[in-house]
Structures are given as structure tokens and as C-alpha cells.
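An overview of the molecular structure
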Amino acid sequence: MKLTGRSLIWPSGIRSGHQTDRLYLSGHRLTELPERIRELTELRDLEIFEQDLYQLPEGLFELSKLERLRIMTADLESLPAFIGKLKNLRELSISCGSSDRPAPGWRPKPKEEIGLDRIPPEIGELKQLEQLTIQYSSIQELPAELEKLKNLRSLDLGSSMVKQKPDFLSRMHKLESIHLSQQAF
């Protein structure tokens, strides 16, 4: 796989069902991921560090073997409901306010202006999820469906806008670490 300009190009040797199990994308000035990402059917670990990536394609959520998804961007508009399709996901980490090429004077937009303002209820379908991290977001409330995550051990919503810890978190017996803060980085 290679990048030309802002497009992801699959070399002729890579076909549907290719055996790549890890992919790291960074510094290619991507504004979108191609729907063809769904062809990486063996992908288990995906890390994306692209500050101009604002949306996630539906094809990403067809990667049924994905166990680890890490996204670092300046501003993710939303976490789609399709997240519930990633049944094998063990780690989900999203960091907004990130830059892979900070210029002098670059600053993230205020977190109140970050598009990621909610966690969809479909998050509760990720029964294997052990670690959920969402940094620098405008999220104010946690969905009650988080309580369905019986394997969740770590919840980190640092630099979010969550004002109080929901009662249901105390009923999550495997949850070892909870970090909710409103402070910026």
C-alpha cells in the first residue's frame, strides 16, 4: 500500500483478503480513508495519526477482526453508530486536538468546538472492549450502554466536558481505572 498525494493506493499485488494484520498511517495529509479499507479483512491493529481526518468511512467498521483502533486527529466529527459492528475490538482510543505536523503557533481548536460530542449507544455492543480512551472532546454525558461492557477495565475521558461520574460506573466490577477530567492538555 502506498500514498500519493492524499489518496491511499493499493498496489496491484494486494487484493481482497490480503493478510496484513497491522497498519499505521501518519503524516500523509489524508482527509479521508478509502472505503476500500474494508478489503483488509485480516486487520487486527489500526493506528491512524492524520490531523485532517474528520470522518470515518463505513467500510472501516466491516473489519470484523479488528482488536485495536487508535485514531489521532485534530477534530473527529463523530463516532458513528457502526462502531457496534467491531465485535472483537478490545481497545478503542481517540485523541482529538492532535497534529501530526504542528506548525509554529499551531493550537488545537477549543474542545467546546470539537465535533465529537457523544458516544453512540451502540458502544454497548462491544462486549470484548477492555480499554476506552477518548481524549480532548466535547462529550458531556456517558451513555448508559457503557454498563453493558462487562470486560471494560479502563475508561479514560481526559480533557472532556463530562461534569459528573455516572452512578452506573460503580456497578462495573471489572473497571479498574476511571479518568474523567475537564482540564485541557
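All values reported here derive from a predicted model rather than from experimental measurement.

This paragraph deals with the overall build of the protein chain. Check the secondary structure of the protein chain and you find zero helices and nine strands. Going from the N terminus to the C terminus, the protein chain shows its helices and strands as β-β-β-β-β-β-β-β-β. Within the protein chain, the fraction of its 185 residues that count as buried is 49%. Contacts spanning at least 24 positions in sequence make up 41% of the contacts within the protein chain whose residues lie at least 6 apart. When the accessible surface of the protein chain is totalled, it reaches about 9400 Å², and 45% of it is carbon and sulfur.

Another aspect to go through is the confidence of the model for the protein chain. Here the protein chain averages 89 in pLDDT, while 88% of its residues score no lower than 70. Mean pLDDT values for the elements of the protein chain range from 45 in strand β1 (residues 2–4) up to 98 in strand β5 (residues 68–72).

Once that is clear, we can look at the sheet that holds strand β4 (residues 45–49). Pairing is parallel across the open sheet formed by seven strands, whose spatial order is β3-β4-β5-β6-β7-β8-β9. On the outer flanks of this sheet lie β3 (22–26) and β9 (177–180), each paired with one strand and no other. Each strand of the sheet is rotated relative to its neighbour by a mean of 5°, with strand direction disregarded. Relative to β5, β4 runs parallel, the two being bridged by five bridges. What sits directly across from Leu-46, in β5, is Leu-69.

Right, let's talk about the nonpolar core for a bit. Counting 46 residues, the largest nonpolar core has Leu-46, Leu-69, Ile-83, Leu-89, Leu-92 and Leu-142 as its most contacted members. The set of elements that each furnish at least two residues to this core consists of β3, β4, β5, β6 (91–95), β7 (131–135) and β8 (154–157). Ignoring anything within four residues of it in the chain, the contact list for Leu-92 reads Leu-69, Leu-79, Ile-83, Ile-123, Leu-129, Gln-131, Leu-132 and Thr-133.

On the secondary structure map, Lys-87 appears in the loop between β5 and β6. Note on Lys-87: relative accessible area 43%, which makes it partly exposed. Residues Lys-87 and Glu-125 lie 38 residues apart in sequence; the distance between their C-alpha atoms is 7.0 Å. Leaving out residues up to four positions away in the same chain, Lys-87 has contacts with Glu-125, Leu-126 and Gln-128. Among the polar contacts made by the side chain of Lys-87, one reaches the side chain of Glu-125 at a distance of 3.3 Å.

So, on to the pairing of β4. With five of its five residues buried, β4 lies for the most part within the structure. Pairing of β3 with β4, which is carried by five bridges, proceeds in the parallel orientation. Within the sheet, the bridge partner assigned to Tyr-24 lies in β4 and is Glu-47.

Its place among the elements puts Phe-49 in strand β4. Taking the C-alpha atoms as reference points, Phe-49 and Ile-71, 22 residues apart in sequence, are found 6.0 Å from one another. Every residue in contact with Phe-49, bar those within four places of it in the chain, is listed here: Tyr-24, Leu-25, Ser-26, Gly-27, Met-72, Ser-98, Ser-99 and Asp-100.

Where a strand is regular, its side chains alternate between the two sheet faces. Within β7, four of the five residues are buried, which leaves the element mostly enclosed by the surrounding structure. Two strands pair when backbone bridges link them, and β6 and β7 are joined in this way by five bridges, in the parallel orientation. Following the sheet pairing, Ser-95 is matched in β7 by Gln-135.

The final tally for this structure, using the stated rule, is 18 salt bridges. One continuous salt-bridge network, built from bridges that share partners, spans Arg-22, Asp-45, Glu-47, Arg-68, Arg-70 and Glu-91.

So, about the side chain of Ser-137. Looking at the element boundaries, Ser-137 is found in the loop between β7 and β8. Residue classification places Ser-137 among the buried residues on the basis of a relative accessible area of 0%. A distance of 3.3 Å separates the side chain of Ser-137 from the backbone nitrogen of Ile-139, its partner in a polar contact.

Rules used in this analysis
Residues numbered from 1 in each chain as written. Predicted model: local features only at pLDDT ≥ 70, side-chain atom pairs only at ≥ 80, totals over all residues. Heavy atoms only, no water. Helix = DSSP H or I, 4+ residues; strand = E, 2+ residues; numbered from the N terminus. Buried < 20%, exposed > 50% of the residue type's maximum accessible area, 1.4 Å probe, protein only. Contact = heavy atoms within 4.5 Å. Areas by Shrake-Rupley, 256 points an atom, 1.4 Å probe, with all protein chains shown as cover. pLDDT = per-residue confidence, 0-100. Pairing = 2+ DSSP bridges. Axes fitted to C-alpha atoms, helices over the stretch in contact; angles between N-to-C directions. Core = buried A, V, L, I, M, F, W, Y, C linked by side-chain atoms within 4.5 Å. Polar contact = N/O pair within 3.5 Å; in protein donor to acceptor, adjacent residues only side chain to side chain. Salt bridge = Lys/Arg side-chain N within 4 Å of Asp/Glu carboxyl O.

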